[in-house]
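A closer look at the structure
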Amino acid sequence: MDEQINKKYLANKIFETQFALEDLRQIVRQALPTGMSDEQSARFSEIVSGLGGLIEEIGAKDGQTQPVSIVGDLMCRTREEEFINIQPIQAGGRLTPEARKAVIAYGDGYSTCDNCRKPFRLDKIEKPSIAEFHTDLAEFVGMDQARVVPGARRGFQAVASTLVEKGDTVVVSAFAHYTEFLAVEGAGGVVKEAPVNEEKILTAESVAHKIDEVRKETGKLPSLIMIDHFDYLFCNEHDIYGIGKVAQEYGIPFLYNGAYTVGIMPVDGKKIGADFVVGSGHKSMASVAPSGVLATTEEWSDKIFRTTQMVGDVTGRKFGIKEVEFLGCTLMGAPLLSMMASFPYVKERTKHWDEEVKKSNYFLNEFLRIEGNEVLSEFPRKHALSKVDTTNSFDKVAKTHKRRGYFFSDELKKRGIAGEFPGATRSWKLSTYGLSWDQIHYLSDAFLEIAEKYELNIN
C-alpha cells in the first residue's frame, strides 16, 4: 500500500482551501467591472498569500486540524472523505467531481434562468443545454418524454393527481414506499396492496389477483398500478416484466418505481411495459437533493404534461405553455445542473451493473463466514443494497458490552467505516454500491476482524 494519510486532516484542509477560494470569488463578484477597490485588492492579496500555506499543509497529508465551520455551528460534512460509507440511501447519490463543480458554479437560486427565452419554460432552455438533457433523459430510460422533478415522490404525485379521481383504487406492492401512499391519498384515491410471497417477492399473479379483487369489490378496474422494481425494505427484485404484461392485459396504466434502479442499472421502460418511469436523482443518479425524473410515452405525455388553459377573469391573462403538474417549472439551479454534470458518468456506470452485484455478493459471502450472520434479502443478491441480521453474532456481544449496540458502530468507525444504523446489531441495511474492489476487500476484512476480536466463530 502507499504511504498512510490522515483523511480527516486532508478533508478539513481541502475544505479550508476551497472556502478561501470562495472568499476570493466573492471579492470578484463584488468588484466593479472597472476593477477592485483598494480594500478589495488588499483583501484579495491577503487570501492569495495564505493559499500557499494551505497547499503545503495539504501536501503534508497529516497533521493537527480542527473541524471546519461553514458558518456558526454549521460544520462541514466529511463522511464521504473520511469513511467508506455503506449507508443504503446515500450510496447511489454520491456526487461526481463534475457534479460538485456544477454545484459551485450554479448554486445561485435562478442560475439556470440566465438564458430563459420564449416560451419561458425550464425544459426549453438551450444554454446550458437543459432542453437537450431532457431528450437524452427520456432516451436513457427508454421512454418518449421526460421531465426533471424534485424527487421521485413528486413524480408519483404528478401521475396520481392526473390519473386518480376521488375514490379510485391504485394497486401497489405490500412493500410500497410511503410516498406512493401519500401520492394516492393526496389525489383522493384508495390504495390496495398486492401481497408478496414467502420469498418476499411480488409476482405478476399476485397483482392480477388483487386487480380481480378490486373489480369484484368496486365494479371497476384500478386507475393505476404503481410498483417498485426493487423495494426499499429488503431491496428484492420483483417480477416487474410480468407485472407490466398484466397491466397491459387489463388495460391499466403502470407506473414503474425505479428509485433504486434508474441511474445505477439499465432501465428500458417500454420493454418493461411501463407507461411511466420514475427515478430518484439524489438516491441513484449522483445528484443533489431533491431531484428526480418522470418519463412517459407519447400516449400519456399530453395528459401528464398538460399545459395551463386557465384565463384570468379580470386581466384576461394566460400563461403560455406552463405545465400544470409542475407549477410551470420544476427542478432548477444546483440540483438540475448536478444531475446534468453527472449524467455522462451515470450512463456509463449502468453498463457495469453486473460488477456491482458481484461486489455485493463477494462482501456478503465474507459476511456470512461469521457464525450467526444472516442475509434477510433474497440471496445471492441481485442488488448492492441488502438487509442483514446480526442478532446471533454482534448482538450477542452487545448484550454484555458496556456500550451495548454502539460498540459495533465504534469498531467500524475506528476502521474508517460509516453508514450502518448507529447502535443496530440486529436487522439493518447496507449498500456496497460504488465501492472499489479494494474498498470491498477492506470492508470484508473489517467485519471479520471485529468478529475475531470478540471471539465470534468464523467459518
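These notes cover the structure that comes with them. As the structure is a computational prediction, the values presented were derived from the model and not from experiment. (Residues numbered from 1 in each chain as written. Predicted model: local features only at pLDDT ≥ 70, side-chain atom pairs only at ≥ 80, totals over all residues. Heavy atoms only, no water.)

1. Brief notes about the pairing of strand 6 (residues 190-194)
Threshold: Here a strand pair is declared whenever DSSP counts at least two bridges between the two strands. Here a strand is any run of E in DSSP of at least two residues, a helix any run of H or I of at least four, and the numbering for each starts at the N terminus. If you view a crossover with the strands going away from you and the path from the first strand over the helix to the second runs clockwise, you call it right-handed.
Direction of pairing for strand 5 (residues 169-173) relative to strand 6: parallel, over a ladder of five bridges. Paired with Val 172 across the bridge in strand 6 is Glu 193. Taken together, strand 5, helix 7 (residues 178-186) and strand 6 constitute a β-α-β crossover, and its handedness is right-handed.

2. Topic: the pattern of salt bridges
For clarity, the threshold we go by: Each reported salt bridge corresponds to a side-chain nitrogen of Lys or Arg within 4 Å of a carboxyl oxygen of Asp or Glu. Note on exposure labels: buried denotes an accessible area under 20% of the residue type's maximum, exposed denotes more than 50%, and partly exposed covers the range between, all computed with a 1.4 Å probe on protein chains only.
Applying the stated criterion to the full structure yields 29 salt bridges. Residue Glu 82 is joined to Lys 8 by a salt bridge in which the shortest nitrogen-to-oxygen separation is 3.5 Å. Taken as a pair, Glu 82 in helix 3 (residues 79-82) and Lys 8 in helix 1 (residues 7-30) lie far apart in primary sequence, 74 residues in all. Among the salt bridges present, the one from Glu 411 reaches Arg 415, with a minimum N-O distance of 2.8 Å. There is no split in this pair, since Glu 411 and Arg 415 are both buried.

3. Section: the sheet that holds strand 12 (residues 385-389)
Condition: Residue contacts are defined here by distance: any two heavy atoms, one from each residue, within 4.5 Å place the two residues in contact. All axes are obtained by fitting lines to C-alpha atoms, using only the stretch in contact for helices, and the reported angles, taken between N-to-C directions, cover 0 to 180 degrees.
An order of 11-12-14 is seen for the three strands of this open sheet, with the pairing classed as antiparallel. Only two strands of the sheet have a single neighbouring strand rather than two, namely strand 11 (374-375) and strand 14 (427-431). The pairing of strand 11 with strand 12 spans two bridges and is classified as antiparallel. What sits directly across from Val 375, in strand 12, is Val 388. Across the sheet, helix 14 (residues 353-367) lies against strand 11, strand 12 and strand 14, angled at about 10° from strand 12, the strand it touches most.

4. Describing the sheet that holds strand 5
Whether parallel or antiparallel, the strands of a sheet pair through hydrogen bonds between backbone atoms. Strand order across the open sheet formed by seven strands is 4-10-9-8-7-5-6, with mixed pairing between neighbours. Here the strands that pair on one side only, and so sit at the sheet edges, are strand 4 (145-149) and strand 6. Averaged over all pairs of adjacent strands, the angle between their axes in this sheet comes to 20°, without regard to strand direction. Sheet topology places strand 7 (residues 224-228) next to strand 8 (residues 254-257); four bridges connect them, and they run parallel. Along strand 8, the bridge assignment pairs Asp 228 with Asn 257. Set on the sheet, helix 8 (residues 204-218) makes contact with strand 5, strand 6 and strand 7; between it and strand 6 the angle comes to about 140°.

5. Remarks on the environment of Lys 124
Along the polypeptide, Lys 124 turns up in the loop between helix 4 (97-106) and helix 5 (130-140). Sequence separation between Lys 124 and Val 71 is 53 residues; the distance between their C-alpha atoms is 37 Å. The contact partners of Lys 124, leaving out residues within four places of it in the chain, are Pro 119, Ala 131 and Ile 321.

6. Remarks on the nonpolar core
Note the cut-off: We call a set of buried Ala, Val, Leu, Ile, Met, Phe, Trp, Tyr and Cys residues a nonpolar core when their side-chain atoms join them within 4.5 Å.
If you look at the biggest cluster of nonpolar residues, it comprises 46 residues, and the most contacted ones within it are Val 207, Ile 225, Phe 254, Val 262, Val 277 and Leu 336. Breaking this core down by element, the ones donating at least two residues are helix 5, strand 4, helix 8, strand 7, helix 9 (240-250), strand 8, strand 10 (292-296) and helix 13 (333-349). Excluding residues within four positions of it along the chain, Val 262 makes contact with Phe 140, Val 141, Tyr 256, Val 267, Val 277, Val 278, Gly 279, Ser 280, Ser 284, Met 285 and Val 293. The next biggest cluster of nonpolar side chains, apart from the first, holds 27 residues, and it includes Ile 370, Val 375, Leu 412 and Trp 428.

7. Side note on the side chain of Glu 180
Position of Glu 180 among the secondary structure elements: in helix 7. Once residues lying within four places of it in the same chain are set aside, the contact partners of Glu 180 are Phe 156, Val 172, Met 226, Asp 228 and Asn 257.

8. Quick word on helix 1
Operational definition: What a helix is expected to span follows from its residue count: subtract one and scale by 1.5 Å. Pairs of N or O atoms within 3.5 Å make up the polar contacts considered here, provided that, within protein, one atom can donate a hydrogen while the other can accept it, and that residues adjacent in sequence are counted only when both atoms are side-chain atoms.
For helix 1, built from 24 residues, the straight-helix expectation of 34 Å at 1.5 Å per residue is met to within 8% by its first-to-last C-alpha distance of 35 Å. The set of residues buried in helix 1 consists of Tyr 9, Leu 10, Ala 11, Asn 12, Lys 13, Phe 15, Thr 17, Ala 20, Leu 24 and Ile 27. Buried residues belonging to helix 1 abut helix 2 (38-60) and helix 3. Capping of helix 1 at its N-terminal end is provided by Asn 6; its side-chain oxygen lies 3.3 Å from the backbone amide nitrogen of Lys 8.

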